[in-house]
Amino acid sequence: MAKSKYEYVKCFEAEEEVMYPNIIVVQIEGRDFGSFSEKHGFEKPNDENALNLMNACAIKVLENFSDVIFAYGFSDEYSFILNKETTFYQRRASKIQSIIVSFFSSTYVAKWKEFFSQKELSVPPSFHSRVISCASMEVLQAYLLWRQTECHISNQYNTCLWKLVFSGKSEKEAKEILKGTQKQEQNELLFQKFGINYKDLPQIFRQGSCAIKIKVDDIVKYRENGSPVKRPRKKAVIVHSENIATKRFWNNYSCLTEELGSLAEGINKIKPQYLRSFLFESRLMLSTWIVVRIDGCHFHRFCEDNGFQKPNDEQALKLMNSCAASLLEMFKDIIFAYGVSDEYSFVLKKDTLLYQRRSSEIVSAVVSLFSSMYVMKWKEFFPEKEFKEPPYFDGRSVCYPSSKILRDYLAWRQVDCHINNQYNTCFWLLVKSGKSRTEAQSSLKGTQTQEKNELLAQFGIDYNGLPIIFRMGSSVFLDRDEATGNDRVVVEHCSIIETSFWKEHPRILDEGESLPTILRPHSNKMLRLS
């Protein structure tokens, strides 16, 4: 297909590859899950249905992504470990972490009713994700020990806290009573005051949960004499163990030793600060425009499975727009979004300090929330359809140093919208007229805009007469409501290549002061980037 003069903006994109032989761990953690739990009435200190929902999502991740071979989770977090030899998305950190958190988020919404049949999901769940690059099996072993120890410490504390609250103490009083207490003292409090032996609490609370693949024999058919024909396959299951960071546990599951390696006999306690040094993290450059672009994964198959109209399904595009509009309402730092087909680009204001400009947190929050919203809003746009498999997206962040380059980026995406839409319109007309897909591709090979327009005219179609949402894509931004004087999110279909759009809406790319608060001279406000 033709290239545009704006494609130079691709040189600002950078890929962060997790170098081999480092072991890739993707940790996801609930975003503002304290508030989410309150709004949905989760039981304190643990809601078993909520934990089982998390486990079901983890199982789905293992089933969907063959490179993920083990996962450990508790509360609102899960860590997914990829096999040591993985080339999953060329080991690109942003791709891997965004895909897993997106799939987990959409699955969480899709499976909600299985575990909370009497509760409506009132707000979308979302998660942060990050990559931990474990340099050796010893580091992975220490990481797993750290997370399971954290499970025990937090669960024991929260069990004591909520027992005290349920007995009549305020949360403040309960926290004061527990201040400075150690494991033994908390055990004594639970037993003496509430008659609870901590070790008798359910394993899922005390030990967390492991999602792991085991080898099973599946019956695929029966012979004429009635005997079964079996084939081996890997099945993802949930198990609980008191200490997952031991050689004994590891050796019980051949897939772990085969695809990761062996653990040592024992491991000394390692400080979390040491493990955090393996966090694969970058902060985005100050005083640059941050764009988060998300793109549907395997959406050709998703469209086929769900019977989307070709070459464009207007309801599907409106669903994407609705999700984008929701993100602008939820993230005040997102000032503009542009979408076409199964992709969306979100522009953050130049001086944003959202998540201290940590790339992984920004990208994962955006892609996770978008994925959740997509599933939650599905029935608004497709009331008669049930999707077969949860949709998911990958995401990346890119920094652009000036407003001109940012506008060129957006122009590139809109030019791409036109090129792809014109080609796809021609392609599907040829297919529907009786040509095979290969013949249609051959017919369009090397054709330019004018030739495609002439082809469309043969079918009685004026390209410029097609719905503008197909030709121009969708722009989402805040605009002032003249009647009320308040800002509102609007969706428009117009040319953003022309300068007239930006002159008409000067507030969108208003750069304000050139430096964020943390670096402005004479400012009393200082933000510690920790």
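The rules behind the values
Residues numbered from 1 in each chain as written. Predicted model: local features only at pLDDT ≥ 70, side-chain atom pairs only at ≥ 80, totals over all residues. Heavy atoms only, no water. Helix = DSSP H or I, 4+ residues; strand = E, 2+ residues; numbered from the N terminus. Buried < 20%, exposed > 50% of the residue type's maximum accessible area, 1.4 Å probe, protein only. Contact = heavy atoms within 4.5 Å. Areas by Shrake-Rupley, 256 points an atom, 1.4 Å probe, with all protein chains shown as cover. Lys, Arg positive; Asp, Glu negative; His and termini not counted. Charge placed at Lys NZ, Arg CZ, Asp CG, Glu CD. Salt bridge = Lys/Arg side-chain N within 4 Å of Asp/Glu carboxyl O. Polar contact = N/O pair within 3.5 Å; in protein donor to acceptor, adjacent residues only side chain to side chain. Phe/Tyr/Trp six-rings, centres within 6.5 Å; stacked < 30°, edge-to-face > 60°. Lys NZ or Arg CZ within 6 Å of the ring centre and 35° of its normal. Pairing = 2+ DSSP bridges. Axes fitted to C-alpha atoms, helices over the stretch in contact; angles between N-to-C directions.

1. As for the overall build of the protein
Okay, step 1: The secondary structure content of the protein amounts to 18 helices and 13 strands.
Okay, step 2: Projected onto its principal axes, the C-alpha coordinates of the protein cover approximately 85 × 85 × 45 Å.
Okay, step 3: Sorting the 530 residues of the protein into buried and exposed places 52% on the buried side.
Okay, step 4: If you take every contact in the protein between residues at least 6 apart in sequence, the share linking residues at least 24 apart comes to 73%.
Okay, step 5: Here the protein has roughly 26,100 Å² of accessible surface; of this, 48% comes from carbon and sulfur atoms.
Okay, step 6: The positive charge centre, built from 70 side chains, and the negative charge centre, built from 66, are 3 Å apart in the protein.

2. Some remarks on the pattern of salt bridges
Okay, step 1: By the definition in use, this model includes 23 salt bridges.
Okay, step 2: Two residues, Lys-234 and Glu-259, come together in a salt bridge whose shortest N-O distance is 2.7 Å. Of this pair, Lys-234 sits in strand E6 (residues 228–239) while Glu-259 sits in helix H9 (residues 254–259), and the two are 25 residues apart along the sequence.
Okay, step 3: Residue Lys-234 is classed as partly exposed on the basis of its relative accessible area, which comes to 41%.
Okay, step 4: The salt bridge involving Asp-487 is made with Arg-480; its shortest N-O contact spans 2.9 Å.
Okay, step 5: For Arg-480, a relative accessible area of 41% corresponds to the partly exposed category.
Okay, step 6: A cluster of three or more residues bridged by salt bridges with shared partners is formed by Glu-13, Glu-15, Arg-92, Arg-293 and Arg-396.

3. Points about unusual backbone geometry
Okay, step 1: Here the amide bond leading from Tyr-20 into Pro-21 is cis, since omega sits at 10°, within 30 degrees of zero.
Okay, step 2: Tracing the sequence through the fold places Pro-21 in the segment before strand E1 (23–30).
Okay, step 3: Looking along the chain, the bond that leaves Lys-44 and enters Pro-45 is cis, with omega of 0°.
Okay, step 4: With respect to the helices and strands, the residue Pro-45 is situated in the loop between helix H1 (33–39) and helix H2 (48–64).
Okay, step 5: Positive phi, normally seen in glycine, also occurs at Tyr-355, with a value near 50°.
Okay, step 6: When you line up the elements, Tyr-355 lands in the loop between strand E10 (343–348) and helix H13 (359–381).

4. Here's the deal with the side chain of Arg-130
Okay, step 1: By the secondary structure assignment, Arg-130 is in strand E4 (residues 127–134).
Okay, step 2: A polar contact of 2.6 Å, which involves the side chain of Arg-130, links it to the side chain of Gln-27.
Okay, step 3: The residues contacting Arg-130, other than those within four sequence positions of it, are Val-25, Val-26, Gln-27, Glu-29, Gln-97, Leu-279 and Ser-360.

5. Details of the packing of aromatic side chains
Okay, step 1: Tallied over the full model, the rule gives 52 aromatic pairs.
Okay, step 2: Taking the centre distance of 6.1 Å and the plane angle of 80° together, the rings of Phe-33 and Tyr-108 count as edge-to-face. Taken together, the residues Phe-33 in helix H1 and Tyr-108 in helix H3 (residues 93–115) connect sequence positions 75 residues apart. Summarising the burial analysis for this pair, Phe-33 and Tyr-108 share the class buried.
Okay, step 3: Through a chain of ring-to-ring contacts, three or more aromatic side chains come together here, namely Phe-299, Phe-302, Phe-308, Tyr-344, Phe-346, Phe-370, Tyr-374, Trp-378, Phe-382, Phe-387 and Phe-393.
Okay, step 4: For Arg-147, the ring lying beneath its charged end belongs to Trp-146, and the centroid distance is 4.4 Å.
Okay, step 5: The lysine or arginine in question, Arg-413, covers the ring of Trp-412, its NZ or CZ lying 4.3 Å from the ring centre.

6. Observations concerning the pairing of strand E8 (residues 289–296)
Okay, step 1: Burial of E8 is extensive: seven of the eight residues sit out of reach of the surface.
Okay, step 2: When E8 meets E10, the two strands line up antiparallel, connected through six bridges. Residue pairing for E10: Val-291 is matched across the bridge by Val-347.

7. Here's the deal with the sheet that holds strand E13 (residues 487–492)
Okay, step 1: Taken in spatial order, the six strands make up an open sheet running E11-E8-E10-E9-E12-E13, and their pairing is antiparallel. Each edge of the sheet is formed by a strand with only one pairing partner; in this case those strands are strand E11 (393–400) and E13. For this sheet, the mean angle separating the axes of adjacent strands, direction not counted, is 20°.
Okay, step 2: Sheet analysis places E8 next to E11, joined by eight bridges and oriented antiparallel. Across the sheet, the residue bridging to Val-292 is Ser-397, located in E11.
Okay, step 3: The sheet contacts of helix H14 (residues 403–432) involve E8, strand E9 (334–340), E10 and E11, and relative to E8 the element is tilted by about 15°.

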